[in-house]
Amino acid sequence: MSDKQRVSRRQFLNYTLTGVGGFMAAGMLAPMVRFAIDPVLKPSAAGDFQSVASVDEITNEPQRFEWIVDQVDGWYESEVQKTAWVYRTEDDEIVALSPICTHLGCTVDWASNEEYPDQFYCPCHAGRYTKDGVNVPGTPPTAPLPVFDHKVEEGMLYLGQEQDR
Amino acid sequence: MQWTKEDIELYAAEKKYVDTLIIPLIPFNPEADHTLVKEAFQRELNQLTTQLLEKEYRGRVLLAPDYNYITGQYEHETQRINEWIEKFKKQPFEHVFLFTFDTKWKRWEQNLNGNLLWIPSLNERNLQSSETRSYVKEQIHQISELIRAYWD
């Protein structure tokens, strides 16, 4: 019994104080460290992909797909409906175009004008785009339609941010 | 385009492309308990519909500030609305549409200097529900076709 190592009063106090002090230091440092590395931990908004459609639905003809995203816009947080024209090219590439006219922001339709059955048409000022979204010279738009980032996972098409061209 | 700083800046710069005006007509009567809910709902539905319409054609359509009025005095309101229209037409606007769920305007239509777009309202229900959504979508589809017919 007596050959058990005895803990002196001094040692005992040392251990306790180190332990308590350690806890306090950790308590103070942890939030600081958390703040320092916080930006790294934040999920990036740019990587927000939303599932939009099943890949089987996508044909060579552009089709309109709609989905809902949460958007925080200064004061308001709201659900915004997004739309894209999606089709498959001859090389089996999926293309998703924004329907927002680059002229003044109307919504363009595929083949809605009988004279141009293979172009996107803007009803506001007769702006036109070819199937790949490039604006037809001589019509009001000055830039091609933006394309959505896309990826395919488990047979579903996911769309992300739109990129200007 | 909407009546906000950002949109109006764009409007001022690109005026020549914007020739269509939509004025929402929104009735209310704070005295009458039995119509309060209905009118509040119609106001929400009106704003939702006109904003979605504006979104569809934002490059050519300006959404005017809401025209709010106390229900009842249609003769007096007709005059005031015509004053609004007269001032807006100086910009100029070629096509002016008045969008409302208030049935009573139908009788005064010929005295208004704009095209009345009256559509029947829904009974009060959840604006987010899928029936309301599909109703609004369908209405917008038809109204936008109507507006396009004026453009051609």
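Thresholds applied
Residues numbered from 1 in each chain as written. Chains lettered and ligands numbered in written order. Predicted model: local features only at pLDDT ≥ 70, side-chain atom pairs only at ≥ 80, totals over all residues. Heavy atoms only, no water. Helix = DSSP H or I, 4+ residues; strand = E, 2+ residues; numbered from the N terminus. Contact = heavy atoms within 4.5 Å. Buried area = accessible area lost by both parts, 1.4 Å probe. Salt bridge = Lys/Arg side-chain N within 4 Å of Asp/Glu carboxyl O. Polar contact = N/O pair within 3.5 Å; in protein donor to acceptor, adjacent residues only side chain to side chain. Pairing = 2+ DSSP bridges. Core = buried A, V, L, I, M, F, W, Y, C linked by side-chain atoms within 4.5 Å. Buried < 20%, exposed > 50% of the residue type's maximum accessible area, 1.4 Å probe, protein only. Patch = residues over 30% accessible without salt bridge, like charges linked within 9 Å, V, L, I, M, F, W, Y side chains within 5 Å. Areas by Shrake-Rupley, 256 points an atom, 1.4 Å probe, with all protein chains shown as cover. Axes fitted to C-alpha atoms, helices over the stretch in contact; angles between N-to-C directions. Parallel < 35°, antiparallel > 145°, perpendicular 65-115°, else oblique. Left-handed = near helix turned anticlockwise from the far one by under 90°.

Asker: Lay out the environment of V86 of chain A with the relevant residues and their values.
Answerer: Residue and element names in this part refer to chain A. Topologically, V86 is positioned in strand β3 (residues 76-88). A sequence separation of 23 residues divides V86 from Q63, and the C-alpha atoms of the two residues are 5.4 Å apart. In this structure V86 touches I58, E61, P62, Q63, F65, I94, V95, A96 and L157, once residues within four positions along its chain are discounted.

Asker: For the interface of chain B and chain A, give the residues involved together with the corresponding values.
Answerer: Every contact between the two is made by 14 residues of chain B and, on the other side, 13 residues of chain A. Taken over both partners, the interface formed by chain B and chain A buries close to 1100 Å², and the fraction arising from carbon and sulfur atoms is 51%. It is Y17, K55 and E56 of chain B that lose the most area in chain B upon contact with chain A, and together they represent 36% of the buried surface on that side. Counting every contact that joins chain B to chain A gives 1 salt bridge. A salt bridge links K137 of chain B to E66 of chain A; its shortest N-O distance comes to 3.1 Å. The tally of links from chain B across to chain A stands at 5 residue pairs in polar contact (both at pLDDT 80 or more). If you list the elements that add at least two residues to the side of chain B that touches chain A, you get α2 (33-56) and α5 (130-151) of chain B. Examining the composition of the side of chain B that touches chain A, we find that 4 residues originate from one element, α5 of chain B, more than from any other.

Asker: Tell me about the pairing of strand β8 (residues 147-153) of chain A, and please be specific about residues and values.
Answerer: All names here are of chain A. As judged from the 6 bridges shared by β8 and strand β9 (residues 156-163), these two strands associate in the antiparallel manner. Within the sheet, the bridge partner assigned to F148 lies in β9 and is E162. A loop of 2 residues connects β8 with β9, the two strands running antiparallel in sequence, and E154 in this loop sits at a positive phi of about 50 degrees.

Asker: Requested: an account of the nonpolar core, with residues and values cited.
Answerer: V108 and F120 of chain A together with I22 of chain B are the most contacted members of the largest nonpolar core, which totals 33 residues. For this core, the secondary structure elements donating two or more residues are β3, β4 (94-97) and β6 (120-122) of chain A together with α2, β2 (61-63), β4 (95-100) and α5 of chain B. Apart from the residues within four sequence positions on either side, F120 of chain A is in contact with P62, W85, L97, V108, D109, W110, G127, R128, Y129, T130, K131 and L145 of chain A. I23, A64, I85 and W105 of chain B belong to the second largest nonpolar core, which has 22 residues in total.

Asker: Any details on a nonpolar patch on the surface? Residues and values, ideally.
Answerer: A surface patch of nonpolar side chains, about 720 Å² in accessible area, is lined by M28, L29, M32, V33, I37, V40 and L41 of chain A. Along the chain, the position of M32 of chain A falls in helix α1 (residues 9-41).

Asker: Tell me about the packing of α2 of chain B against α5 of chain B, residues and numbers included.
Answerer: Residue and element names in this part refer to chain B. Where α2 meets α5, the axes come as close as 10 Å, and the angle between the chain directions of the two elements is 50 degrees. Classified by the angle between their axes, α2 and α5 sit oblique to one another. Here the hand of the crossing between α2 and α5 comes out right-handed. Taking contact as the criterion, the partners of L45, L48, T49, L52 and L53 in α2 are, on α5, T132, V136, I140, I143, S144 and I147.

Asker: Break down the pattern of salt bridges for me, citing the residues and quoting the values.
Answerer: Between side chains of opposite charge, a pair can form when the charged atoms approach closely. In this structure the tally under the stated criterion is 12 salt bridges over all chains. Taking the shortest distance from any N to any O, the salt bridge between R58 of chain B and D7 of chain B comes out at 3.0 Å. A residue pair is termed long-range when its members are at least 10 positions apart, and R58 of chain B in the loop between α2 and β2 and D7 of chain B in helix α1 (residues 5-13) qualify at 51 residues. One salt bridge connects K106 of chain B with E109 of chain B, and the closest N-O pair in it is separated by 2.9 Å. Among the residues examined, K106 of chain B registers a relative accessible area of 41% and is labelled partly exposed. We classify E109 of chain B as partly exposed; its relative accessible area is 27%. One connected set of salt bridges, linked through shared partners, spans R64, E66 and D109 of chain A together with K137 of chain B.

Asker: Can you break down the sheet that holds strand β7 (residues 127-129) of chain A residue by residue, with the values?
Answerer: Consider a sheet: its strands pair through backbone hydrogen bonds, and that pairing is either parallel or antiparallel. Residues and elements named next belong to chain A. Here 3 strands make up an open sheet; going across it, the order is β5-β6-β7 and the pairing antiparallel. In the strand order of this sheet, the two ends are held by β5 (109-110) and β7, each with one partner. Here β6 pairs with β7 via 3 bridges, running antiparallel. Pairing of Y121 across the sheet is with R128, part of β7.

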